[in-house]
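# Remarks on the overall topology
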Amino acid sequence: MLARDALAALDTADPFVSLRDAFVLPDGVIYLDGNSLGPLPRATAGRIAAVVEQEWGQGLIRSWNDAGWIDLASRVAAKIAVLIGAEPDTVAVGDSTSVNTFKALAAALALRPGRHTILSQQDNFPTDLYVADGLARLLGGEHRLHAVPGDGIAEAIDPQTAVVLLTHVNYRTGALHDLEAITNAAHARGALVIWDLAHSAGAMPLDLAGSNADFAVGCGYKFLNGGPGAPGFLYAAPRHHGGLSFPLTGWLGHAAPFAFEALYRPAPGIARAVVGTPPILSLAALDCGLDTIAPGALPGLRAKSLRQSELLVELVAQFCPSAGFVLATPAERSRRGSQVSLHHEHAYEIMQALIEHGVIGDFRVPDILRFGITPMTLRYADLWDAATILARIMDSGVWREAKYAVRRTVT
Ligand SMILES: *Cc1c(COP(=O)(O)O)cnc(C)c1O
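The written sequence of each chain sets the order in which its residues are numbered from 1. Only residues with pLDDT of 70 or above have their local features reported here, since the model is predicted, and side-chain atom pairs are shown and tallied only from 80 upward, although totals for entire chains, interfaces and linings are computed over all residues. Only hydrogens and water are removed before side-chain values are computed, so all heavy atoms of the structure are retained for them.

### Side note on the layout of surface pockets
A volume near 560 Å³ is recorded for the largest pocket. Lining the largest pocket are 29 residues, with Ile70, Ala73, Ser74, Ala271 and Val274 positioned closest to its centre. By definition, any uninterrupted DSSP run of H or I lasting at least four residues is a helix, any uninterrupted run of E lasting at least two residues is a strand, and each is numbered from the N terminus. Within the residue set of the lining of the largest pocket, elements represented by two or more residues are helix H4 (69-83) and strand E4 (91-93). Detection works on a 1 Å grid of protein atoms alone, calling trapped sets that fit a 1.4 Å probe cavities and calling open sets with protein on both sides within 12 Å along at least five of seven lines pockets, with lining residues defined by an atom within 4 Å of a point. As for the second largest pocket, its lining consists of 18 residues, and the residues nearest its centre are Gln352, Ile355, Arg408, Val410 and Thr411. Grid points are joined across faces, edges and corners, and a volume is the space filled by probe spheres set on the points.

### A short note on the site of the ligand
Residues in close proximity to the ligand total 13 residues, the closest being Ser98, Asp196, His199, Tyr221 and Lys222. Polar contacts, as counted here, are pairs of nitrogen or oxygen atoms within 3.5 Å of one another; within protein the pair requires one atom able to donate a hydrogen and one able to accept it, and residues that are adjacent in sequence qualify only if both atoms are side-chain atoms. Thr97 places a polar main-chain atom, nitrogen or oxygen, 3.4 Å from an oxygen atom of the ligand. Coverage of the ligand by the protein chains reaches 85% of its 390 Å² of free accessible surface. Elements with a minimum of two residues in the shell around the ligand: helix H5 (97-110) and helix H6 (126-138). When the residues that make up the shell around the ligand are grouped by side-chain class, the tally is four nonpolar, six polar and three charged. Here a residue counts as near a molecule or strand whenever at least one of its heavy atoms sits within 4 Å of it. Calculation of accessible area relied on Shrake-Rupley with a 1.4 Å probe; when residues are assessed, cover is drawn exclusively from the protein chains displayed. The residue classification treats Ala, Val, Leu, Ile, Met, Phe, Trp, Tyr, Cys and Pro as nonpolar and Asp, Glu, Lys and Arg as charged. All others, Gly included, are polar.

### Examining the sheet that holds strand E14 (residues 362-364)
Pairing between two strands requires that DSSP report at least two bridges joining them. Strand order in this open sheet of four strands is E11-E12-E15-E14, and the pairing throughout is antiparallel. Across the chains shown, the open sheet's two edge strands, defined by having one partner strand only, are strand E11 (326-327) and E14. Looking at chain direction, strand E12 (residues 339-343) and strand E15 (residues 368-372) are connected through five bridges and run antiparallel. Residue pairing in the sheet places Val340 in a bridge with Phe371 of E15. Helix H11 (residues 347-356) rests against E14 and E15 of the sheet, and its axis sits at about 40 degrees to E15. Whether two residues are in contact is decided by their heavy atoms, any of which lying within 4.5 Å being enough. Comment: axis = line fitted to C-alpha atoms, over the contacting stretch for helices; angle = value between 0 and 180 degrees taken between N-to-C directions.

Here is the structure:
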């Protein structure tokens, strides 16, 4: 049996407990959704105000040079590169993850002429599947998306497979792929791999360079704390830079944008992944988000996240032994990301009741309650409090109130 005192003692001994002070967190809320939208860093509001009032308001267009706006995306990209174990000058920041997936997939397919299958998983995040299907159609019909059920992805790679498109951490269950093993399996059969790191960048140490990854994409607003709609990123391994051809050939990916030449000439290396004018306000916020994460802290934060996940599972079992929750997240440490997902027949209603009672997670169809574990802000005692509130909601049956069944646009 776990006791609240024991959890509070873990907080006292936690070397990361003060990281929480770098964020604005509302009173009375236990935030278990930093994997969907990272919390607001304290530094962000002041930085945005300065960018708006001084750089934009006073500097006007001069700020592209004087305030370094023109290089902001590459400075932000360099910070992300360190977090994901990428080589220098291999990451571009801008556009949404969906758009970056399109760009990376088109570039990867162009590197594997004669092969026509994009291999993915049926329960991959839908945008990856939609983008792959849309691109296959745009390419004229020879290419096709093959989405396999379950986990047999490595076995499904065959001589027709051009690209394997996978999400590192499953958004529903939190199941984690072995990035290096699948990358090696693809390479052994002549295919390339694109990793969607939406739920792993900033959540765990990553070593794209050491794992021989080909391409990767990811979100700025989840574990990177960049704010709603923050730009995403795209990684391409240096060995692919020579033949790198992106389908969106915008002027800021040109070798000499301000020469305004009539014909497109790609910028060297990853710089050609840039399409158009960068969103400076969003980039400034993403820069503040990245500054909350010390790359050297990631191994320790990962260990804390795994421990917190296990404690949450234990507490739910302790407080709600017969409420019908079934763990959807793999128990094995090397097989899960930074979330705890539970199946329940009434997951939607229970999550709405939880949110109203101050515990914010989210619901994913068809029956998943998803709790993101963000060890920079989450205290051990919060887990106890969250499980207690869950128990109260289940024991009282308050989740059955009609208002909790009303479906809102965003779940
Ligand atoms: C959140 C998420 C996205 C989001 O893509 P956007 O284009 O930023 O909306 C993409 N892929 C995965 C796996 C995600 O979890």
